[in-house]
Structure formats: C-alpha cells, structure tokens
Amino acid sequence: QVQLVESGGGLVQAGGSLRLSCAASGSTFSINAWGWYRQAPGKPRELLAYITSSGTTTHYVDSVKGRFTISRDNAKNTVYLQMNSLKPEDTAVYYCNADRPPFPAYWGQGTQVTVSS
C-alpha cells in the first residue's frame, strides 16, 4: 500500500505561483512513475505532468508546459509541482498519482487551487 497526501493548494491571484507537495508513504518501491492531475468542476480529470521514479524522464501537457515543473525528492519521498504564471483556468482540484502498472494507481485526496482574475 502507498498513501499520498497533497498539500500546498490555496487561493492565488492570476500571475502568481504555488508549489504543491505530495508526500508518499508505504511501499513506494513499487511505483513506476509519479504524476499530477487536476479536475475542474464539470470536467474530466486530466493529466498535467509525470516523472519516472528514476527522475530521468518528465512529461508535460501543452497547457502547462513552460509554466509548471514536476520534481521529486527521493530522500523525502515527496513529489512537487511548481506552478508559475497561474491563470484563472488553472482553478481545479489537484491530485497526486502513483502509477504501478498493471495494478490500479494510488491517488491522493486532492488539494484545491483557486486562481482569481
């Protein structure tokens, strides 16, 4: 089992920054990659970025490329999402994900990010 706890969400003005954290505990050795997703009201959950457990590969969707950065601190078992130049359309609940194919992924409880215009 792996437990994920997100933190760092909040209210920020457009153009501002936030850093989300995802603290992992449990059998993290089984995790293949770590990701950040978000879900806005009335919309499906979408992948934003992921990083492999080795940290050698990252991927970003176009909507956040150049603004968001995913990173991982193995010593702290924590994954981060640095979000800069935030826009009102970034408002959503942000979720941490731990992928372990072929088994179901683990999810955190989510943290709310609200960007005011």
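It should be noted that the structure appears before, not after, this text.
Residues numbered from 1 in each chain as written. Predicted model: local features only at pLDDT ≥ 70, side-chain atom pairs only at ≥ 80, totals over all residues. Heavy atoms only, no water.

(A) Highlighting the state of the cysteines. With the rule as written, the count across this model stands at 1 disulfide. Note on cysteine connectivity: C22 is disulfide-linked to C96, with sulfurs 2.1 Å apart. Residues C22 and C96 are joined by a disulfide whose S-S torsion is about -80 degrees; by sign, that bridge is left-handed. Placement of C22 in strand β3 (residues 18-26) and of C96 in strand β9 (residues 92-100) is noted, with a sequence separation of 74 residues between them. On the basis of relative accessibility, which here comes to 1%, the residue C22 falls in the buried class. (Disulfide = S-S within 2.5 Å. Helix = DSSP H or I, 4+ residues; strand = E, 2+ residues; numbered from the N terminus. Buried < 20%, exposed > 50% of the residue type's maximum accessible area, 1.4 Å probe, protein only.)

(B) A look at the sheet that holds β3. Ordered by their spatial adjacency, 4 strands build an open sheet running β1-β3-β8-β7, and the pairing between neighbours is antiparallel. Every interior strand has two partners, whereas the edge strands, β1 (2-7) and β7 (68-73), have only one. The average undirected angle you get between the axes of adjacent strands in this sheet is 15 degrees. Across 6 bridges, β1 lies against β3 in antiparallel orientation. Pairing of Q3 across the sheet is with S25, part of β3. (Pairing = 2+ DSSP bridges. Axes fitted to C-alpha atoms, helices over the stretch in contact; angles between N-to-C directions.)

(C) Main features of the pattern of salt bridges. Scanning all chains against the criterion turns up 4 salt bridges. Taking the shortest distance from any N to any O, the salt bridge between R38 and D90 comes out at 2.9 Å. With R38 in strand β4 (residues 33-39) and D90 in the loop between β8 (78-83) and β9, the pair connects residues that are 52 residues apart, well separated along the chain. This pair shows no difference in class: R38 is buried, exactly as D90 is. For K65, the salt bridge is made with D62, and the minimal N-O distance between the two is 3.2 Å. (Salt bridge = Lys/Arg side-chain N within 4 Å of Asp/Glu carboxyl O.)

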